[in-house]
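Below, each chain spelled out in residue letters.
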Amino acid sequence: MDKYLIVGLGNPGDEYAQTRHNTGFMVLDAFAKASNTVFSDRCYGYVAEASLRGRKVFLLKPTTYMNLSGNAVRYWLNQEHIDQSRLLVVSDDVALPLGAFRLKGNGSNGGHNGLGHIQQLIGQQYARLRMGIGSDYPLGGQIDWVLGRYSEEELRQLQPAIDTAVKMIESFVLAGIDITMNQFNKLGKKPAPTAPQEKKI
């Protein structure tokens, strides 16, 4: 059976729930819900298993904290004998506006600590889905921004991108990286539209 590893980056613990740096966790939670599967506490992370048309999909939310994410990724690739071409990592990205997204087959870590540690351990040749969180912070304020919680309005803006990310993961598993990039990246260049809000009179 073909196996895939889908990793959502974030930090464990209630104090980090719904923070911008945990957007990868949020995408995997949405995928697990859509797949009717649940996470269990396993070695190096919370792990859930799903199947898509005969393909086995491992969902991993590392519990190593962001800066050591590579330990969890490398362990589960080796543990399940998963080829690196079937690894997809979902992360937040301040370089993209809130609600935008971009899938790439490889590349640099873009200054992201989680991607940076993964790169140290396994190199740059793996797919990554970058979820935009915006950069509306003052000079020197990036850490507070990424560790800050989304507002309710920001969550509404983000939700369409999360919904699309779930479809992208499914496409990555079933159709591969190239077809998925061609189909979805054009949709992610600007934030997905949100439903119009009723004006209060």
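Above: the structure in question.
Residues numbered from 1 in each chain as written. Predicted model: local features only at pLDDT ≥ 70, side-chain atom pairs only at ≥ 80, totals over all residues. Heavy atoms only, no water.

A few words on the overall build of the protein chain. The secondary structure content of the protein chain amounts to 6 helices and 7 strands. Each helix (α) and strand (β) of the protein chain, taken in turn from the N terminus, gives the series β-α-β-β-β-α-β-β-α-β-α-α-α. Scaling as 2.2 N^0.38, a compact globule of 201 residues should have a C-alpha radius of gyration of about 17 Å, and the protein chain matches this with 16 Å. With respect to the three principal axes, the spread of C-alpha positions in the protein chain is 55 × 35 × 30 Å. Taking all 201 residues of the protein chain together, the buried fraction comes to 48%. (Helix = DSSP H or I, 4+ residues; strand = E, 2+ residues; numbered from the N terminus. Rg over C-alpha atoms; globule rule 2.2 N^0.38 Å. Buried < 20%, exposed > 50% of the residue type's maximum accessible area, 1.4 Å probe, protein only.)

Counted according to the given criterion, the structure contains 5 aromatic pairs. Here the aromatic rings of Tyr16 and Tyr65 are separated by 6.2 Å at their centres, their planes lie at 75 degrees, and the arrangement is edge-to-face. A residue pair is termed long-range when its members are at least 10 positions apart, and Tyr16 in the loop between β1 (3–8) and α1 (23–34) and Tyr65 in the loop between β4 (55–62) and α2 (69–79) qualify at 49 residues. Classification of Tyr16 by relative accessible area gives partly exposed; the value is 22%. (Phe/Tyr/Trp six-rings, centres within 6.5 Å; stacked < 30°, edge-to-face > 60°.)

Along strand β5 (residues 87–93), 7 of the 7 residues are buried, which leaves the element largely enclosed by surrounding structure. The alternating pattern of β5 places Leu87, Val89, Ser91 and Asp93 on one face and Leu88, Val90 and Asp92 on the opposite face, and all of these are buried. Here 4 bridges tie β1 to β5, and the two strands are oriented parallel to one another. Paired with Leu5 across the bridge in β5 is Leu87. In this structure, β5 lies alongside strand β7 (residues 127–132), joined through 6 bridges in parallel fashion. If you follow Leu88 over to β7, its bridge partner there is Ala127. (Pairing = 2+ DSSP bridges.)

Our next topic: the environment of Lys104. In this structure, Lys104 sits in strand β6 (residues 101–104). Lys104 gets classed as partly exposed once you look at its relative accessible area, which sits at 31%. For the pair Lys104 and Ala127, spaced 23 residues apart in sequence, the C-alpha separation works out to 5.6 Å. Those residues in contact with Lys104 that lie beyond four places of it in its chain are Tyr126, Ala127, Arg128, Arg130, Ile177 and Met181. (Contact = heavy atoms within 4.5 Å.)

Of the positions making up α2, those classed as buried are Ser69, Gly70, Ala72, Val73, Trp76 and Leu77. The arc that holds every buried residue of α2, seen down its axis, measures 160 degrees, which confines them to one face. On the buried face of α2, the contacting elements are β1, β2 (40–42), β3 (45–52), β4, β5 and α3 (113–122). His81, located one to two residues past α2, shows a positive phi value of around 55 degrees. (Arc of directions from axis to C-beta.)

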